[in-house]
Amino acid sequence: MRGRGDRLERQLTERGLDRMLVTDLTNVRYLTGFTGTNGACVCGPGVRLLLTDFRYTERAEAEVEGWQAVTLAADWLGGLAERLLGRVGFEDDHMSVRLLEKLKEKLPEGVEMVAAGGRVEELRRVKDAGELATIEEASKLADEVWRWSVEQGLAGRSEREVARAAEARIREHGAEPSFPAIVAAGPNGALPHAEPGEREIARGELVVFDMGARLDGYCSDGTRTFASGDPGEEAIAVYEVVREAQQASLGAIRAGVRGEDVDRVAREVIEAAGHGERFGHGLGHGVGLEVHEGPRLSLRSDDVLAAGEVATVEPGIYLPGQLGVRIEDLVVVTEDGVRNLSSLPKDLQIVE
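Residues numbered from 1 in each chain as written. Predicted model: local features only at pLDDT ≥ 70, side-chain atom pairs only at ≥ 80, totals over all residues. Heavy atoms only, no water.

Moving on: the overall build of the protein. Per the secondary structure count, the protein includes ten helices and 19 strands. A compact globule built from 352 residues should have a C-alpha radius of gyration of about 20 Å, and the protein, at 23 Å, falls within 12% of that. Summarising its shape, the C-alpha atoms of the protein cover approximately 70 × 40 × 35 Å along the three principal directions. For the protein, the proportion of contacts with a sequence separation of at least 24, taken over those separated by at least 6, is 67%. Accessible surface, the protein: about 15200 Å² in total, of which carbon and sulfur atoms supply 47%. Treating the 42 positive side-chain charges of the protein as one cloud and the 63 negative ones as another, the clouds have centres 3 Å apart. (Helix = DSSP H or I, 4+ residues; strand = E, 2+ residues; numbered from the N terminus. Rg over C-alpha atoms; globule rule 2.2 N^0.38 Å. Contact = heavy atoms within 4.5 Å. Areas by Shrake-Rupley, 256 points an atom, 1.4 Å probe, with all protein chains shown as cover. Lys, Arg positive; Asp, Glu negative; His and termini not counted. Charge placed at Lys NZ, Arg CZ, Asp CG, Glu CD.)

This paragraph deals with the nonpolar core. Core analysis: the largest hydrophobic core is formed by 32 residues, its most contacted members being Leu8, Val22, Leu31 and Leu50. Of all elements in the fold, only α1 (2–14), β1 (19–22), α2 (25–32), β2 (40–44), α6 (119–124), α7 (129–151), β11 (218–219) and β18 (329–334) reach the threshold of two or more residues within this core. Broken down by element, this core gets its largest block of residues, three residues, from α2. Residue contacts for Leu8: discarding those within four places in its chain leaves Met20, Val22, Leu31, Cys43, Arg119, Val120 and Leu123. Membership of the second largest hydrophobic core comes to 30 residues, among which are Val241, Val262, Ala266 and Ile327. (Core = buried A, V, L, I, M, F, W, Y, C linked by side-chain atoms within 4.5 Å. Buried < 20%, exposed > 50% of the residue type's maximum accessible area, 1.4 Å probe, protein only.)

Moving on, we come to the sheet that holds strand β7 (residues 176–177). One open sheet accounts for three strands, arranged β7-β10-β11; its pairing is antiparallel. The open sheet is flanked by β7 and β11, the only strands paired with a single partner. Here β7 runs beside strand β10 (residues 213–215); their pairing, made up of two bridges, is antiparallel. Directly across from Pro177, in β10, lies its bridge partner Ala213. (Pairing = 2+ DSSP bridges.)

Reading across the sheet, the six strands line up as β4-β3-β2-β1-β5-β6 and stay open at both edges, with mixed pairing between neighbours. The open sheet has two edge strands with one neighbour each: β4 (68–71) and β6 (112–115). Across the sheet, the mean angle separating the axes of adjacent strands is 25° when strand polarity is ignored. Bridge analysis of strand β5 (residues 87–90) against β6 gives four bridges, and the strand direction is parallel. The partner of Gly89 across the bridge, within β6, is Val114. (Axes fitted to C-alpha atoms, helices over the stretch in contact; angles between N-to-C directions.)

Relative to the helices and strands, Val325 resides in strand β17 (residues 323–326). A sequence separation of 102 residues divides Val325 from Thr223, and the C-alpha atoms of the two residues are 9.5 Å apart. Excluding its chain neighbours within four sequence positions, the residues that come into contact with Val325 are Leu206, Val208, Thr225, Val238, Tyr239, Val242, Pro315, Gly316, Ile317 and Tyr318.

What follows concerns the packing of α7 against helix α8 (residues 159–172). What describes two packed helices is the angle between their axes and the distance between those same axes. Taken N-terminus to C-terminus, the directions of α7 and α8 make an angle of 135°; their axes are 10 Å apart at the nearest point. With respect to α8, the element α7 is oriented oblique. Taken as a pair, α7 and α8 cross one another with a handedness that is right-handed. Listed contacts from α8 to Leu141, Val145, Trp148 and Ser149 of α7 are Ala165, Ala166, Arg169 and Ile170. For the contact of α7 with α8, a count of residues per class yields six nonpolar, one polar and one charged. (Parallel < 35°, antiparallel > 145°, perpendicular 65-115°, else oblique. Left-handed = near helix turned anticlockwise from the far one by under 90°. Nonpolar A, V, L, I, M, F, W, Y, C, P; charged D, E, K, R; others polar.)

With that settled, the discussion passes to the pairing of strand β12 (residues 222–227). Summarising burial for β12: six of the six residues are buried, a large majority. Where burial is concerned, the two faces of β12 agree: the one with Gly222, Arg224 and Phe226 and the one with Thr223, Thr225 and Ala227 are both buried. Pairing between strand β9 (residues 206–211) and β12: six bridges, direction antiparallel. Residue pairing for β12: Val207 is matched across the bridge by Phe226.

Next up on the list: the pattern of salt bridges. A complete count under the given rule lists 36 salt bridges for this structure. The salt bridge partner of Glu136 is Arg339, with a shortest N-O separation of 3.1 Å. Note that Glu136 is positioned in helix α7 and Arg339 in strand β19 (residues 337–340), a separation of 203 residues in sequence. A residue is classified by how much of its surface remains accessible, and Arg339, at 35% relative accessible area, is partly exposed. The residue Glu260 makes a salt bridge to Arg264 at a minimum N-O spacing of 2.9 Å. Placement of the pair is Glu260 and Arg264 together in helix α10 (residues 259–272), with a separation of four residues, close to one helical turn. Exposure remark for Arg264: the relative accessible area of 30% places this residue in the partly exposed category. By sharing partners, the salt bridges in this structure join Arg124, Lys127, Glu290 and Glu293 into a single network. (Salt bridge = Lys/Arg side-chain N within 4 Å of Asp/Glu carboxyl O.)

Take the environment of Ile170 next. By the secondary structure assignment, Ile170 is in helix α8. As for Ile170 and Trp146, which are separated by 24 residues in sequence, their C-alpha atoms are 9.9 Å apart.

This part is about unusual backbone geometry. A cis amide bond, omega 5°, links Gly294 with the succeeding residue Pro295. Here Pro295 lies in strand β14 (residues 293–297). Although it is not a glycine, Asp216 sits at a positive phi angle of roughly 50°. For Asp216, the position within the fold is in the loop between β10 and β11. The class of Asp216 is exposed, set by a relative accessible area of 59%.

What follows is the structure, given as structure tokens:
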């Protein structure tokens, strides 16, 4: 973990900062390995401090390497303030205005707080070998749960039953769901973030099944659309358009390409089929300690992809009142393409 602090320190030097105060717990974990629910860290030249309270003293000592673990007493903000020096970057995208003002009241003379949000998130985008291995294991676990779920059948079961069974299976394998599973059948599939309900899955429907596993803090994310029997020609045609769009966009990814341009590849395929207005979300997003992080693959993204980043590729078509189709893979960006972490087939699977 010390190396991550060194990378952050180099960013501070480039931006004329003397210290960085990190308060977002996901970023604290990334930098230090600390998994408690109250913590902050201070980074600067020769300074690597993980600050927590009495409840987490032993956990910090066990989890944190390369950083000095410090237990603060009752005055949390005062303890933070007295460890800050000079120009101090803070996470303005995570710290509230009210908390910042309270912190400023306790700062030593000469300390200036400088908005510097996104610094750690930028570091998190490119994964190291250990992170990639964990994400790959999480993806394999989720794929196994999909296979198991299909074996149980879909027709005649409620969306909620299928989703909850999958989440329980993930836990049985020693992980946690990285987000509440989405199982959306028939017209509910037209809702990109549908919540599974008591609606029974009928025969001959498309079923959008979106889930992921969180293993050792790292997430996976994927989607397959199944059919609970023959869904009819229109549904199959829509499915094939999404599959073509996904394959085309996968082929466009490599280091140095803009996320916007990859999104456009998928969108052009869907627009050519007459469904452009029914693909209303971005093509994909980064995955790591959070299930949604950088980089972004969308028309509003200015991200340039780099080798070692992990991202979803998930085009979809959503026809209100009728059906939805989404196909999502999780991939690692390489210098000349992708390494696909998703192993499930993408031919439309008929689940009787």
